[in-house]
Amino acid sequence: MTQRANIDAGAELDPVHPVQPPSPAAGRATGLSTAEVAERVARGEVNDVPVRSSRSTAEIVRANVFTRFNAIIGVLWAIMLFVAPLQDSLFGFVIIANTGIGIIQELRAKKTLDGLAVIGEAKPTVRRDGRAAEISTSEIVLGDLVELGPGDKVVVDGEVVETDGLEVDESLLTGEADPVLKKPGDKMMSGSFVVAGGGAFTATKVGREAYAAQLAEEASRFTLVHSELRSGISMILKYVTWLMIPTSIGLVISQLVVKDDNFKQSVAYTVGGIVPMIPEGLVLLTSVAFAIGVIRLGRKQCLVQELPAIEGLARVDVVCLDKTGTLTEGGMDVTELRPLNGTDEAYVRKVLGALGESDPRPNASLQAIIDAYPDSEEWRCTESLPFSSARKYSGAAFSEGDGENSTWLLGAPDVLLPTGDPSLSEIDSLNEQGLRVLLLARAGRELDDPQVATDARAAALVVLEQRLRPDAGDTLRYFSEQDVHAKVISGDNAVSVGAVAGKLGLPGASNTVDARQLPSEQSEMASVLDENAVFGRVTPQQKRDMVAALQSRGHTVAMTGDGVNDVLALKDADIGVSMGSGSEATRAVAQIVLLNNSFATLPSVVAEGRRVIGNITRVATLFLVKTVYSVLLALLVVCTQVEYLFLPRHLTLLSTLTIGIPAFFLALAPNTERAKPHFVRRVMRYAIPGGAIAAVTTFATYLLARHYYVGDGAREAETSAATLTLFLVSMWVLAIIARPYTWWRICLVAAMGVAFLLVLAVPWLQTFFALKLVGTTLPWAAVGIAVVGAVGLEFAWRWVDRRFPA
């Protein structure tokens with residue numbers, strides 16, 4: 001799989017790739033001129049597909065304003081403004097404030113995301129006026145000559161002009177896993193990426209005409225869907241809507257038709273029964289929690305390309321790490337050169353220098369060789385074989401300047417040498433020290449021979465030292481403490497990878513597995529993966545298979561990587577994490593991009609996800625307890641044919657003090673609890689008994705008050721007593737939800753209690769909220785009933801924990 005260079009002694013070498021002679025289409029090799037580019041821009045032939053990491057401002061406003069529950073509340077608010085005092089319309093102003101907060105927070109998140117997307121945006125190399133320059137993807141015009149190297153993503157459709165062993169992976173478009181060798185004249189599809197070699201192509205379709213433009217735009221959008229948390233909330237809201245419809249109709253008939261009271265007052269009490277059924281703040285709080293998570297991570301140079309990735313990483317129990325670029329830094333240093341079989345060291349240095357010069361886009365290993373051994377100008381490359389993760393070696397054929405021709409291979413010793421070769425024992429001892437070893441071998445066959453590595457003669461060992469990331473050890477320790485199993489999956493020698501992992505303190509680093517010995521059957525592979533921690537000589541397809549095998553065992557898998565060989569596994573993993581310095585292809589498919597290239601940022605992402613999920617689960621219980629007791633109170637009123645208990649102002653006050661304000665603080669608090677599945681079941685198992693107890697105790701107080709109070713002011717006294725019971729029971733729900741207690745949680749609960757006491761004690765607040773406790777007997781009875789309810793809550797929730805464990 002090579003592309004022979006067309007050598008012409010009199011040809012002028014390409015200024016960008018000196019070793020790559022120009023293609024036969026020499027007239028086009030310089031690319032467009034500045035004038036031609038200007039003409040195409042004027043005609044609108046520009047790659048103007050918007051690269052967006054977030055929803056537009058209009059979409060954000062629309063999503064927060066035009067909701068089902070905002071529509072219901074808006075109608076009820078309009079009615080209340082006509083029939084009742086302003087204080088009974090407070091719920092409408094609360095909704096406006098909540099919606100405004102949601103819009104502002106998401107716009108802040110959008111600003112953060114868009115800013116990070118610009119930083120992390122890949123810049124393709126385009127040749128214009130004979131010079132190569134990096135430009136923004138949106139600046140490419142029709143007819144541009146786009147250069148490609150390993151890991152580059154094809155951003156527009158085109159036609160190949162130059163190739164140097166160019167292999168392109170089109171699996172993201174066609175599903176075909178094998179790379180395609182491209183020749184001049186072949187088509188290039190946007191959305192594919194280069195796995196080996198290099199070349200250039202002419203852009204034939206740009207903007208929305210490009211094959212994968214629509215898919216790429218859709219895939220890169222900031223999204224609020226496809227998460228268990230949000231789908232669970234949507235399911236709850238759907239059932240709440242179905243419960244609301246018959247209950248509300250019954251309440252309307254009960255209050256407006258059956259009861260022959262003042263019409264306006266009946267309307268006010270009816271609306272007071274409908275409004276609290278709506279858990280309107282739950283969706284808002286979820287969006288705000290996610291948005292603030294994005295902002296917090298953005299400050300740490302972490303680009304969240306899909307919002308639910310924050311949630312997803314919090315659920316991860318296995319993280320697969322690529323060694324190079326994740327545990328080690330990208331650069332390497334040559335520490336030793338060991339000639340073999342009597343090869344002259346000076347000659348070996350010349351070979352290595354020529355090999356380094358033969359690849360216009362060297363990987364980290366070859367770059368270290370280039371730095372250590374400068375090229376000899378006497379040698380000319382006549383044919384090259386770029387490095388491929390699948391074959392584990394690269395190669396080149398040279399004219400040495402003295403009439404001699406030679407072919408050389410550079411790659412993994414255990415791939416190029418037969419089993420049992422004496423040199424391998426020497427290599428094993430080096431691998432055990434965590435050193436990387438490459439073998440330089442002279443081939444006896446043509447470079448385009450599929451069996452070129454057969455019978456290759458070993459010439460030297462190149463020993464490379466990898467630079468460990470200083471923060472990698474702490475990060476691995478964090479995952480271990482959080483019961484997240486780390487698996488190191490690398491294309492390097494397994495023993496060498498194990499030694500590196502051992503230096504960083506990875507549990508089980510001594511259990512290394514050569515992936516060439518892995519079983520192909522998925523269940524057997526999954527067993528091996530569960531039992532071991534370090535895997536070497538893994539091919540790109542195997543990485544993908546390993547992710548699938550782990551998922552088959554019920555694991556939630558995160559995959560980190562920065563190389564083109566990681567793309568397929570990143571795409572299939574539950575969460576793909578790419579380094580900012582990684583290839584364009586990896587950044588395109590990953591949900592999370594670490595722009596600072598720091599593996600140490602991952603614990604922050606995990607912690608942010610756990611904070612969001614754990615806290616939303618807590619506050620969802622608060623909101624849904626209110627929904628349950630509101631529906632049950634309405635049903636009890638309909639069945640007993642009594643007046644509804646509360647005016648809207650009463651429930652606005654209760655919701656603000658026992659749900660709204662506390663939920664905001666609890667949703668943003670630190671929370672390291674590991675995310676658990678079955679969100680709906682976990683929330684409803686508390687909300688149903690909690691809401692039922694609150695409804696029964698409140699209605700019992702109300703019925704008792706109806707028999708106790710008579711005459712003028714009785715209705716207000718009855719409502720006040722019922723409000724006291726409901727507040728105390730709701731406060732106990734809040735007190736349970738706030739556990740485990742910290743000083744600020746205790747202060748939060750206490751502050752809400754003090755605020756309610758102020759309403760009862762200050763005369764103008766009593767009048768404003770129509771709350772006045774009459775006498776002492778009934779108020780203390782209301783407190784006693786609330787205490788019984790609180791005890792019932794404790795027993796009920798403990799029974800639920802035992803009977804329906806999460």
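Below you will find a few notes about this structure. (Residues numbered from 1 in each chain as written. Predicted model: local features only at pLDDT ≥ 70, side-chain atom pairs only at ≥ 80, totals over all residues. Heavy atoms only, no water.)

### Side note on the environment of Asp48
Rules: Runs of E in the DSSP output that reach at least two residues are strands. Runs of H or I that reach at least four are helices, and both are numbered from the N terminus. Only heavy atoms matter for contacts: two residues are in contact if any of them lie within 4.5 Å across the pair.
Tracing the sequence through the fold places Asp48 in the loop between helix H1 (34–42) and helix H2 (57–65). Put simply, Asp48 and Gly207 are 159 residues apart on the chain and 4.9 Å apart in space, counted from C-alpha to C-alpha. Aside from chain neighbours lying at most four places away, what touches Asp48 is Gly207 and Arg208.

### Regarding the pairing of strand S20 (residues 557–561)
Note the cut-off: In this scheme, a residue with accessible area under 20% of its type's maximum is buried, one over 50% is exposed, and one in between is partly exposed, where area comes from a 1.4 Å probe on protein chains only. Only strands that DSSP links by at least two bridges are regarded as paired with each other.
With 5 of 5 residues buried, S20 is to be regarded as a mostly interior element. Side chains Val557, Met559 and Gly561 of S20 all project onto a buried face; the interleaved residues Ala558 and Thr560 project onto the opposite face, where all are buried too. Looking at chain direction, S20 and strand S21 (residues 575–579) are connected through 4 bridges and run parallel. Looking at S21, one finds that Ala558 is bridged to Ile575.

### As for the environment of Val783
For Val783, the location among the structural elements is in helix H27 (residues 777–803). Given the relative accessible area of 24%, Val783 is considered partly exposed. In this structure, the C-alpha to C-alpha distance between Val783 and Leu726, residues 57 residues apart in sequence, is 9.7 Å. Setting aside residues up to four positions removed in sequence, Val783 forms contacts with Leu724 and Leu728.

### Quick notes on helix H10 (residues 308–315)
H10 sits mainly inside the fold: 8 of its 8 residues count as buried. Listing the buried residues of H10 in full gives Pro308, Ala309, Ile310, Glu311, Gly312, Leu313, Ala314 and Arg315.

### Examining a nonpolar patch on the surface
Spelled out, the test is: Residues qualify for a patch when their relative accessible area is over 30% and they have no salt bridge, like charges being joined within 9 Å and the nonpolar side chains of Val, Leu, Ile, Met, Phe, Trp and Tyr within 5 Å. For accessible areas, the Shrake-Rupley method is used with a probe of radius 1.4 Å. Any residue's cover is judged against the shown protein chains and nothing else. Only one rule defines a salt bridge in this text: a Lys or Arg side-chain nitrogen within 4 Å of an Asp or Glu carboxyl oxygen.
Judged by side-chain polarity, Leu81, Phe82, Leu86, Phe93 and Ile96 come together as a nonpolar surface patch covering roughly 560 Å² of accessible area. Secondary-structure elements contributing two or more residues to the nonpolar patch are helix H3 (68–83) and helix H4 (90–120). With respect to the secondary-structure elements, Phe93 resides in helix H4.

### So, the nonpolar core
Worth spelling out the cut-off: By nonpolar core we mean a set of buried residues, namely Ala, Val, Leu, Ile, Met, Phe, Trp, Tyr and Cys, connected to one another through side-chain atoms within 4.5 Å.
Ranked by internal contacts, the top residues of the largest apolar core, which has 126 residues, are Leu313, Leu506, Ile592 and Phe599. Considering every element that reaches this core, the biggest residue donor is helix H21 (residues 602–640), with 16 residues. Setting aside residues no more than four positions away along its own chain, Phe599 makes contact with Leu321, Thr326, Leu327, Arg469, Ala472, Thr475, Leu476, Phe479, Met579 and Leu594. One finds Ala196, Ala515, Leu550 and Ala585 within the second-largest nonpolar core, a separate group that totals 27 residues.

### So, the sheet that holds S21
Heads up, the condition is: Structural elements are reduced to axes, namely lines fitted to C-alpha atoms, with helices fitted over the stretch in contact, and the angle between N-to-C directions of any two is expressed from 0 to 180 degrees.
The strand order across the open sheet built from 8 strands is S9-S22-S21-S20-S10-S17-S19-S18, with neighbouring strands paired in mixed fashion. On the outer flanks of this sheet lie strand S9 (302–304) and strand S18 (512–514), each paired with one strand and no other. Shown here is a sheet whose adjacent strand axes are inclined to one another by a mean of 20°, direction ignored. This element, helix H16 (residues 494–503), spans strand S17 (485–489), S18 and strand S19 (534–536) of the sheet and lies at about 145° to S19.

### Topic: the environment of Ala588
One can find Ala588 in helix H20 (residues 584–589). The partly exposed category is assigned to Ala588, whose relative accessible area is 37%. Aside from chain neighbours lying at most four places away, what touches Ala588 is Lys153 and Gln305.

### Considering the packing of aromatic side chains
How we decide: Stacked, tilted and edge-to-face are the three classes assigned to paired rings of Phe, Tyr and Trp, where Trp is represented by its six-membered ring and a pair needs centres within 6.5 Å; plane angles under 30 degrees give stacked, over 60 edge-to-face, the rest tilted. A ring is considered to have a charge above it if a Lys NZ or an Arg CZ atom is located within 6 Å of its centre and within 35 degrees of its normal.
Inspection of the entire model under this criterion finds 10 aromatic pairs. For the ring pair Phe727 and Phe756, a centre distance of 3.9 Å and an interplane angle of 10° mean the geometry is stacked. Highlighted residues: Phe727 in helix H24 (residues 714–737) and Phe756 in helix H25 (residues 743–761), separated in sequence by 29 residues. For Phe727, a relative accessible area of 3% corresponds to the buried category. Taking relative accessible area as the criterion, Phe756 reaches 3% and is therefore assigned buried. Members of the aromatic cluster, connected to one another through ring pairs, are Tyr347, Trp379, Phe398 and Trp408. Over the ring of Tyr239 we find Lys238; its NZ or CZ atom is 5.4 Å from the centre of that ring.

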